[in-house]
Amino acid sequence: MVVLYHCVSARSFRPLWMLEELGAPYELRMLPFPPRVLQRSYLEINPLGTIPYLIDGETRMTESAAICQYLAERFDPDNLRGLAVRPHEPGFGAWLNGLHQGEATLTFPQTIVLRYARFEPDERKLPQAAEDYTRWFLARLRGIDATMQQQDFLSAGRFTAADISVGYALMLADKLGLAAQFPAAVTAYWQRLQRREAFGRALVAQHDAALAQGVSPRDASVD
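For clarity, every value in this text was computed on a predicted model and none was experimentally measured.

For this particular structure, what's the right way to read the sheet that holds strand E2 (residues 26–30)?
Note: strands within a sheet are paired through backbone hydrogen bonds, in either parallel or antiparallel orientation. Read from one edge of the open sheet, four strands run E2-E1-E3-E4, paired in mixed fashion. In the strand order of this sheet, the two ends are held by E2 and strand E4 (59–61), each with one partner. Neighbouring strand axes in the sheet, compared pairwise and without regard to direction, differ in orientation by 15 degrees on average. Pairing analysis gives three bridges linking strand E3 (residues 53–56) to E4, with the strands arranged antiparallel. Counted as the bridge partner of isoleucine 55 is arginine 60 from E4. Lying on the sheet, helix H3 (residues 64–75) is in contact with strand E1 (2–6), E3 and E4; it crosses E3 at an angle near 20 degrees. Most of the contacts of helix H8 (residues 197–212) go to E2, to which it runs at about 60 degrees, and overall it touches E1 and E2.

Below you can see the structure in the form of C-alpha cells.
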C-alpha cells in the first residue's frame, strides 16, 4: 500500500487529492510543519526533511507533481479515469506544462512570500521581497486566466492531474488571502475545482488523520 507523509494543506495535498481521485488505497502519515524542525526523527525516513514523501514498495518520491504523474500510471494504467493525458492526445503538451507549472511557476513565488512574510523572525522578514513575489505570482496567473476564458480545465477537455497541480497553487494562494485578486476566469476555475468530491474527501482525510495522530489540524504552514 502507498504511504504518504503529509502536512496539513502543504504541497503533499497534491498527491493526497490525486489518491482520492483515483480511489487508490493509501496510508496517510501526518507530520507537524515544518517536520525537519518539529519531528527530527523524520529525517531518518526522508533525509531532505521535506514533504511530500511517498513510499510504494521500493519506490521513494519527493516531488508532488511527479508523484501525481506516477500515481496516474500506477493505479490507472488504462487511464479510465482520464487523469493523465497520453502522447497521442492533442492536449498532451498542455497537460505536461500544467503539471509542472503548478509547482515551478505558481507555488515557487508563494514560498518566498511565506518565508519572508511569515516564517522568518521579525528581524529577518523582508516585506519588499514578499510584496514583489506576491505580484510575481499574480502576474503568472495570466496564462491560466487566458486558458480558462476558453475552456473549463487545462488540457484535453477534462479534469486531469494538471488541474490538481495548479489547483493546489490556487489553494495556497487562497489561504494567503490572495483569492480576491484572482482574475474572474481563474476564480471560476478555482470554484470548479473545490466542488470536486475527491477534493472534499482529501480535506476530510487530512483533518481526521491529523486528529487521530496527534497533529494539529490547522494549517501551520500558513496560519
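Please explain the side chain of serine 64 as it appears in this structure.
Relative to the helices and strands, serine 64 is located in helix H3. Apart from the residues within four sequence positions on either side, serine 64 is in contact with Arg11, Arg14, Pro15, Pro52 and Glu103.

Just to check I follow, could you spell out the environment of leucine 22 for this structure?
Note that leucine 22 resides in helix H1 (residues 13–22). Spatially, the C-alpha atom of leucine 22 lies 7.0 Å from that of phenylalanine 75, the residues being 53 residues apart in sequence. With residues near it in sequence (within four places) discarded, leucine 22 still touches Leu71, Ala72, Phe75, Asp76, Arg81 and Leu83.

Rules of the game
Residues numbered from 1 in each chain as written. Predicted model: local features only at pLDDT ≥ 70, side-chain atom pairs only at ≥ 80, totals over all residues. Heavy atoms only, no water. Pairing = 2+ DSSP bridges. Helix = DSSP H or I, 4+ residues; strand = E, 2+ residues; numbered from the N terminus. Axes fitted to C-alpha atoms, helices over the stretch in contact; angles between N-to-C directions. Contact = heavy atoms within 4.5 Å.

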